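Coordinate analysis (summary)
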Amino acid sequence: MSIISLQNIEKHYGDYHALKDVSCEIAEGEFFSLLGPSGCGKTTLLRVIAGFEDVSSGTVLLGGQNMAGVPANKRPTNMVFQSYAIFPHLSVAQNVGFGLRKAKLQPAQMADAINEALEMVGLAGFGERAAHALSGGQRQRVALARALILKPKVLLLDEPLSALDKKMREQMQTELRRLQRQVGITFILVTHDQEEALIMSDRIAVMFEGEIAQVAPPQDLYRRPLTRRVGEFIGVMNFLNARQIDVSDGTVAFDIEGLGEAKVGPDQLPEGARAYLPVVGLRPEAFTIVYEDPKLRSQRIVEGEVLDLSYYGDMTYYEVKLDGASAPVTISMKNLTTRPVLERGTRTLVSWDEGSLVVFAA
Amino acid sequence: MKGGWLRIYAIAYLVFLYLPVVLLPLFAFNDGTVMAFPLKGFTTQWFVQLAGIEALHGALLNSLFIALVTASLSVIFGICAARASTRYTFPLKAPIMGAIMVPLVLPEIIVAVSLLVVVVQVFDLPLSAWTVVAGHTLICTPFAIAILSSSFQGLDQSLEEAAIDLGETRWGAFKNIILPLVSPGIVASFLICFTISLDEFIIAFFLTGAEPTLPVYIWSQLRFPTKIPAVMALGTVMLVASLIILSVAEYYRRRGIARVGGTDSGGFL
């Protein structure tokens, strides 16, 4: 059963249409991400679930209950704010125990609950510290402990990692994921970082301009983006002009600029589409610079010239202008000692994987 | 010399600013009724005389009462207005806030005369300490708003939402989170309003009833040269009292900042 059911949510701020007919089901115990560029409505949607924003129309069901008219302090959700919102005049323990004050616990029970929550986030023994004396990562943990101590049905996280440096962010990503599995609570994460969403989520909803463009598990989202925009937003995608030349038995044949003719099978085509965009997508890793004798390769091979390259240590990203193509494509190659890094201006053979072609519905 | 002319300018500035204030205690302890050098000798008789003037005590109590009520009212109004202006948007917000702040720059004499006309001619009310409180609240509230706005402005909005999210009501979040965090601003604005009301003269002069405030009383005494040394003594007492109050306020302000881990951006006091 889904713990959250969003049904035709609309949100207007004056003339601004912030959420457009958003419908979505989120399963119990799921790590769900709302991903999109800034201003796409992902934070508004999170705040609608938390009860900080009213909807203009539509229904929010939480655990099967209609949340219309239920204020934020009565909802079974808790939130980790982007700024963490740690109360600066209280100690760590007072912050973590803030939500429990209403529960009328014995002091000993209260202290146990606080210690347990602090231990869970790796801050055992920090209770007496002043909240303002904590580092960014520690504040984040206090915010988590403060929200999780109330055992909410859903934990809402509003860009919780954006204020941390890269190393700390990567560490917290794994830790959040571990914590979510441990407590089994549904997490809803708002982020603009597609990598973060891919790493952490069970499912991702990609949003643009107040609309959900696609909801899918990370692998499906990366491999089979529904629209050109989703493909562009998640990772890197090369777009090549393509002319549809034939349709037979559900298989569509394209004449792709720079690559030649290719057939796309029914399982690779977007579901239910009647027509297709005159463009196909290919991820950088779907291309391979051919170093060995091309006759040994079964894949399709074309020729091109290296225009530019970016060396990342483990990987090299090449900008290659394929013969007959109007724009260069990005090709990623793992660096091995047996593979020399090509220089600018080198002519090279490039093989590509027909099975990785992405076709978009028109 | 480092600084050169600027240093000389700074020293001259301080001398002009504080020399008259230093003269106050000097003549308060001078054994002579004429305020002139050379000084005659040390005496505490003016302070003794001060303690015996009944009318003065009445005026002082009157002033303290008015200042206390004015400061309380101004701070309450200030909290409401500062919160409204920093947290909410409403129609005509800018003109409304502007209108509240106008008494800050209006000539006091104009305010005083208009208030007198309104109180006596329009409402036909007797002049009393309460009419002075009304006038003082009008001119003190803008100061309270100005100080409190910066306190409210500096607050992270999600602090309040976090408290609500953790089960507090709106009022509970305001009481438990917002008020403690703006308390340095509340103390500062209270003291400023208290001081303004305590030494305000023009409005008090027009609106006071049978019992004058301290500044009005002092003014009335200046006509009698023999009373001047006692006024000097009174001034000295007030000077010391203000220094003590300001030191206490500054101590609490710094403690408040240290408690929330902020960096001291220079005191208002």
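From a predicted model like this one, the values you see are computed outputs, not experimental measurements.

Time to look at the overall build of chain B. In terms of regular secondary structure, chain B is built from eleven helices and zero strands. The order of helices and strands in chain B, counted from the N terminus, is α-α-α-α-α-α-α-α-α-α-α. Overall, chain B is about 70 × 65 × 35 Å in size when its C-alpha atoms are taken along their principal axes. Expressed as a percentage of the 269 residues in chain B, the buried residues total 33%. For chain B, the proportion of contacts with a sequence separation of at least 24, taken over those separated by at least 6, is 74%.

Our focus in this paragraph is the overall build of chain A. Along the backbone of chain A there are eight helices and 20 strands. When its C-alpha atoms are laid out on the principal axes, chain A stretches across 80 × 50 × 35 Å. The buried share of chain A, reckoned over its 362 residues, is 38%. Put simply, of all contacts in chain A between residues at least 6 apart along the chain, 64% involve residues at least 24 apart.

Attention now moves to helix α4 (residues 136–148) of chain A. Residue and element names in this part refer to chain A. The terminal C-alpha atoms of α4, which comprises 13 residues, lie 18 Å apart, in line with the 18 Å expected from a rise of 1.5 Å per residue. Along α4, ten of the 13 residues are buried, which leaves the element largely enclosed by surrounding structure. Among the residues of α4, those classed as buried are R139, Q140, R141, V142, A143, L144, A145, R146, A147 and L148.

Looking now at the sheet that holds strand β16 (residues 300–311) of chain A. All names here are of chain A. Here five strands make up an open sheet; going across it, the order is β15-β19-β16-β17-β18 and the pairing antiparallel. Across the chains shown, the open sheet's two edge strands, defined by having one partner strand only, are β15 (287–290) and β18 (329–334). Averaged over all adjacent pairs, the angle separating strand axes in this sheet is 50°, with direction ignored.

Taken together, the contacts link 20 residues of chain A with 17 residues of chain B. For the side of chain A that touches chain B, the per-class residue count stands at twelve nonpolar, six polar and two charged.

For the rest of this paragraph, the subject is the confidence of the model for chain B. Residues of chain B with pLDDT of at least 70 account for 93%, and the chain-wide mean is 84. ipTM for the predicted complex: 0.81, alongside a pTM of 0.80.

Turning next to the sheet that holds strand β13 (residues 260–264) of chain A. The pairing of strands in a sheet comes from backbone hydrogen bonds and takes either a parallel or an antiparallel form. All names here are of chain A. What the five strands build is an open sheet, ordered β13-β12-β11-β14-β20; its pairing is antiparallel. Among the strands making up the open sheet, the edge pair consists of β13 and β20 (358–361). Taken pair by pair, the neighbouring strands of this sheet meet at an average axis angle of 40°, ignoring direction. By the bridge criterion, four bridges tie strand β11 (residues 238–248) to strand β14 (residues 276–282) in an arrangement that is antiparallel. Note that in β14 the partner of F239 across the bridge is G281.

Residue and element names in this part refer to chain A. You can see L134 is positioned in the loop between α3 (107–120) and α4. For L134, a count of 20 C-beta atoms within 10 Å corresponds to the buried category. Sequence-wise, L134 and A145 are eleven residues apart; in three dimensions their C-alpha atoms are separated by 14 Å. Here L134 is in contact with R129, R139 and V142, once residues within four sequence places are set aside.

We now examine the domain arrangement of chain A. All names here are of chain A. Each domain of chain A was delimited in the assignment, giving domain 1 (1–76 + 152–235), domain 2 (87–146) and domain 3 (236–362). Relative to domain 3, the C-alpha centre of domain 1 lies at a distance of 33 Å. Contacts between domain 1 and domain 3 engage eight residues on the former and ten residues on the latter. Here the residues of the side of domain 1 that touches domain 3 are counted per class, giving two nonpolar, three polar and three charged.

Another point: the nonpolar core. The nonpolar side chains of soluble globular proteins are, as a tendency, buried together. Counting 131 residues, the largest nonpolar core has A:A145 and A:I188 as its most contacted members. The element that contributes the greatest number of residues to this core is helix α8 (residues 170–199) of chain B, accounting for twelve residues. Lining this core are residues from two domains, each supplying at least three of them: domain 1 (1–76 + 152–235) and domain 2 (87–146) of chain A. Ignoring anything within four residues of it in the chain, the contact list for A:I188 reads A:I26, A:F32, A:L34, A:L46, A:I49, A:V154, A:L156 and A:L157.

Assignment of secondary structure puts B:G235 in helix α11 (residues 228–259). Between the alpha carbons of B:G235 and B:A94 there is a distance of 41 Å; along the sequence they are 141 residues apart.

Right, let's talk about the packing of helix α3 (residues 54–87) of chain B against helix α6 (residues 129–153) of chain B for a bit. Between two packed helices, the angle of one axis relative to the other and the distance separating the axes together describe the packing. Residue and element names in this part refer to chain B. Contact geometry for α3 and α6: axes closest at 6 Å, N-to-C directions at 40°. In terms of axis orientation, α3 runs oblique to α6. Helix-helix and strand crossings are classified by hand; for α3 and α6 the assignment is right-handed. A class-by-class count of the residues in the contact of α3 with α6 yields 17 nonpolar, eleven polar and one charged.

A few words now on unusual backbone geometry. With a phi close to 50°, A:A85 is a non-glycine residue in the positive phi region. Tracing the backbone shows A:A85 in the loop between β6 (77–80) and α2 (92–96).

Residues and elements named next belong to chain A. One ladder, built from four bridges, connects strand β3 (residues 31–35) with strand β9 (residues 203–208); its direction is parallel. Across the sheet, the residue bridging to L34 is A205, located in β9. In terms of strand pairing, β9 meets strand β10 (residues 211–216) through five bridges, oriented antiparallel. If you follow F208 over to β10, its bridge partner there is E211. Where β9 folds back on β10, the antiparallel hairpin that results is connected by two residues, among which E209 adopts a positive phi of roughly 45°.

What counts as what
Position numbers for residues start from 1 in each chain and track the written sequence from start to end. Each chain takes a letter, starting from A, and each ligand takes a number, starting from 1, following the order in which they are written. Whole-chain, interface and lining totals are the exception, using all residues; otherwise, since this is a predicted model, local features are given only for residues with pLDDT of at least 70 and side-chain atom pairs are given and counted only at 80 or more. Think of it this way: any DSSP run of H or I at least four residues long counts as a helix, any run of E at least two long counts as a strand, and we number them from the N terminus. Partly exposed residues are those whose C-beta has more than 12 but fewer than 20 other C-beta atoms within 10 Å; 20 or more makes a residue buried and 12 or fewer makes it exposed, with C-beta atoms placed from the backbone. C-beta atoms are first placed from the backbone for all residues, and any pair lying within 7 Å is then listed as a contact. To estimate how far a helix should reach, multiply one less than its number of residues by 1.5 Å. Between any two strands, pairing holds if DSSP finds at least two bridges. Here, axes are lines fitted to C-alpha atoms. For helices the fit covers the stretch in contact, and angles between N-to-C directions go from 0 to 180 degrees. Residue polarity follows a fixed list, in which Ala, Val, Leu, Ile, Met, Phe, Trp, Tyr, Cys and Pro are nonpolar, Asp, Glu, Lys and Arg are charged, and the others, Gly among them, are polar. What pLDDT conveys is the predictor's confidence in a given residue, as a value from 0 to 100. Domain start and stop points were drawn from an automatic or database domain assignment. The term nonpolar core refers to a group of buried residues, namely Ala, Val, Leu, Ile, Met, Phe, Trp, Tyr and Cys, whose C-beta atoms join them within 7 Å. Any angle from 65 to 115 degrees is called roughly perpendicular, while one under 35 is roughly parallel, one over 145 is roughly antiparallel, and all others are oblique. By the definition used in this description, the sense in which the near helix is turned from the far one sets the handedness, with an anticlockwise turn below a right angle giving left-handed and a clockwise turn giving right-handed.

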